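If you want the building blocks of each chain, they are given just below.
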Amino acid sequence: MAYYLHAFDGLTGAHVRRLDFSALSWSESINEEGSISTTIVDDGNIDPDVCLRAYGTILAAIDEDNVVRHAGYIKQWTYNKGDGTYTVSAGGGSTILAKRLVLNHALAAAWKDGTVIIDHDHPPGNWVLTANGSYSDLIRALIVETEKWGSLPITPATATGGDKTRTWDSWDLATVADRISDIGDLDAGPEWRFDPQLSDAWVLTFKQVTSADGVEIIDNNWVWNALVPSSGVVLGDEDADGSDMAGACYRTGGKDDDTLLIAHSIGTSLTSAGWPLLQVADTSHSAVSVLATLQAYAAATVAAGDGAQGSVALTVPESSQVHVGDWADVRYGDDEADVLSLKVTDVKVTAGEKAQTLGCRMR
């Protein structure tokens, strides 16, 4: 399949120009921004201040059917004068949110440099931002609020309603990207993506796609047979990595004078199967002041780690539009039970190659 590289304005999503390239690849992972790497050939008409602006230009890999396979904000580029090439690194749709802070927009008019009295029991009104609803709604609220500070080509998801509440303290000066990542890390937290969309007028936007609470994003359920030589489906190595294994998690939250918020979660799956107790600690959520939130982080760590960890590499034709989150049933033997039930966690594509590499876990 043929791929084309295009530049779009990072503020409006308007099309800028097509770019010639000698190398192009991209990768995506669940609940991460993704990345795109390319070597752009200078045709003599490239103005980097127009079409290669770091955090001001979006690069998009578009296939011959005008489907955007990946798009993301440029982070950095280098120019080789001898070769006449630009080596460019870009991210995904959420990359720009690492340059946005979780700030109540009411502060825009009320901000005054100086001393702010922080009282967690009676916080200053404009310095907190509260959202309600589903986890998707919480992410939506972060996007809606940051777009009040300045527009972005990101379309928030439709509100769905729910019983979740989050209050963010603006004085933490956390990034929107980090807070979205935090939501995905919660127990029963959602899977999220920012999918690139191309309009008929060739305006590129990113659509917030978030699963329902405690549910996965599953766009496709692929059925592949690795026994058929012409299928292009090849099972790779199976890998067991114990770095994320955890039967118990202990977390610390915020500290106020002599008071420290703590929480823990203990599972039984590993120990019941004969493993020793595996304990982990996390002190990275020092801004958390709500016990239930800290408990949800601890429970999520155990839910993900309280079991044998395994991943499977899989190669499939690059023409298949596989998304992270998809399910796949892969036959590897003649017996009825010789089928691997997998969930796609990573997708890597290189333009010009006939296959794409998937990272999968058992489901």
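Keep in mind that what you see is a predicted model, and the values were worked out from it rather than measured.

A cluster of acidic side chains, namely D119, D121, D256, D257 and D258, defines a negative patch on the protein surface. Checked against the element boundaries, D256 lands in strand β15 (residues 248-256).

This next bit is on unusual backbone geometry. Not every positive phi belongs to a glycine, and N66 is a case in point at roughly 65°. Mapped onto the elements, N66 comes out in the loop between β5 (57-63) and β6 (68-80). Relative accessible area serves as the criterion here: at 45%, N66 is assigned to the partly exposed category. Backbone geometry at L173 places phi at a positive 55°, although glycine is not the residue there. The exposure class assigned to L173 is partly exposed, which follows from its relative accessible area of 47%.

Moving on: the nonpolar core. Most often, soluble globular proteins keep nonpolar side chains buried together rather than apart. Residues L97, I154, W168, I180, F194, L204 and F206 are the most contacted members of the largest nonpolar core, which totals 35 residues. Residue contributions to this core peak at five residues, all from helix α3 (residues 135-149). Apart from residues no more than four positions distant in its own chain, W168 is found in contact with V102, W127, V128, L129, A131, L138, L142, R179 and I183. With 34 residues, the next largest nonpolar core counts I46, V322, V330 and L342 among its residues.

Time to look at the layout of surface pockets. Of the volumes computed, that of the largest pocket is approximately 1600 Å³. Along the wall of the largest pocket there are 47 residues; nearest its centre are D244, A304, G305, Q309 and R361. Counting residues per element, the lining of the largest pocket draws most heavily on helix α6 (residues 291-305), at six residues. Partitioning the lining of the largest pocket into residue classes produces 17 nonpolar, 16 polar and 14 charged. Empty space within the second largest pocket amounts to approximately 810 Å³. Of all elements in the fold, only β10 (164-169), α4 (176-184), β15, β16 (259-266) and α6 reach the threshold of two or more residues within the lining of the second largest pocket. By residue class, the composition of the lining of the second largest pocket is 11 nonpolar, 10 polar and nine charged.

In this section: the packing of α3 against α4. Between α3 and α4, the shortest axis-to-axis distance is 10 Å and the interhelical angle comes to 175°. One finds that α3 runs roughly antiparallel with respect to α4. In this structure, α3 uses Y135, L138, I139, L142 and T146 to contact α4, whose residues at the interface are V176, R179, I180 and I183. Looking at side-chain class alone, the contact of α3 with α4 contains seven nonpolar, one polar and one charged residues.

Here the focus is the sheet that holds strand β11 (residues 192-198). Strand order in the open sheet formed by three strands is β9-β12-β11, and the pairing between neighbours is mixed. Edge positions in the sheet fall to β9 (154-155) and β11, since each has one partner strand and no second. Here α3 sits on the sheet and contacts β9, β11 and β12 (204-210); the angle it forms with β12, its principal contact strand, is near 150°.

In this section: a nonpolar patch on the surface. On the surface, Y250, I266 and L277 cluster together to form a nonpolar patch covering roughly 280 Å² of accessible area. If you trace the backbone, L277 turns up in the loop between α5 (269-272) and β17 (279-282). Its relative accessible area of 47% is what places L277 among the partly exposed residues.

Below, the discussion takes up the environment of T12. Along the chain, T12 turns up in the loop between β1 (3-9) and β2 (15-19). Taking the relative accessible area as the measure of exposure, T12 reaches 46% and is therefore partly exposed. Along the sequence, T12 and W222 sit 210 residues apart, while their C-alpha atoms lie 35 Å from each other. At 3.2 Å, the side chain of T12 forms a polar contact with the backbone nitrogen of A14.

Before going further, it helps to spend a moment on the packing of aromatic side chains. One pass over the structure, following the stated rule, counts eight aromatic pairs. Taken together, the ring pairs in this structure connect W77, Y79 and Y86 into an aromatic cluster. When the ring centre of Y55 is taken as origin, the NZ or CZ atom of K99, which lies over that ring, is 4.9 Å away. Just above the ring of Y135 sits the side chain of K164; from NZ or CZ to the centre is 4.8 Å.

Next up on the list: the pattern of salt bridges. Taken as a whole and assessed by the stated rule, the structure comprises 15 salt bridges. Across the pair D43 and R17 runs a salt bridge whose closest N-O atoms are separated by 2.6 Å. In this pair, D43 is assigned in the loop between β4 (35-41) and α1 (48-51) and R17 in strand β2, connecting sequence segments 26 residues apart. The class of D43 is partly exposed, set by a relative accessible area of 35%. The closest approach of N and O atoms between D213 and K164, which form a salt bridge, is 2.9 Å.

Quick notes on the rules
- Residues numbered from 1 in each chain as written.
- Predicted model: local features only at pLDDT ≥ 70, side-chain atom pairs only at ≥ 80, totals over all residues.
- Heavy atoms only, no water.
- Patch = residues over 30% accessible without salt bridge, like charges linked within 9 Å, V, L, I, M, F, W, Y side chains within 5 Å.
- Areas by Shrake-Rupley, 256 points an atom, 1.4 Å probe, with all protein chains shown as cover.
- Salt bridge = Lys/Arg side-chain N within 4 Å of Asp/Glu carboxyl O.
- Lys, Arg positive; Asp, Glu negative; His and termini not counted.
- Charge placed at Lys NZ, Arg CZ, Asp CG, Glu CD.
- Helix = DSSP H or I, 4+ residues; strand = E, 2+ residues; numbered from the N terminus.
- Buried < 20%, exposed > 50% of the residue type's maximum accessible area, 1.4 Å probe, protein only.
- Core = buried A, V, L, I, M, F, W, Y, C linked by side-chain atoms within 4.5 Å.
- Contact = heavy atoms within 4.5 Å.
- 1 Å grid on protein atoms, 1.4 Å probe; cavity = no way out; pocket = protein on both sides within 12 Å on 5 of 7 lines; lining within 4 Å.
- Points joined across faces, edges and corners; volume = space filled by probe spheres on them.
- Nonpolar A, V, L, I, M, F, W, Y, C, P; charged D, E, K, R; others polar.
- Axes fitted to C-alpha atoms, helices over the stretch in contact; angles between N-to-C directions.
- Parallel < 35°, antiparallel > 145°, perpendicular 65-115°, else oblique.
- Pairing = 2+ DSSP bridges.
- Polar contact = N/O pair within 3.5 Å; in protein donor to acceptor, adjacent residues only side chain to side chain.
- Phe/Tyr/Trp six-rings, centres within 6.5 Å; stacked < 30°, edge-to-face > 60°.
- Lys NZ or Arg CZ within 6 Å of the ring centre and 35° of its normal.

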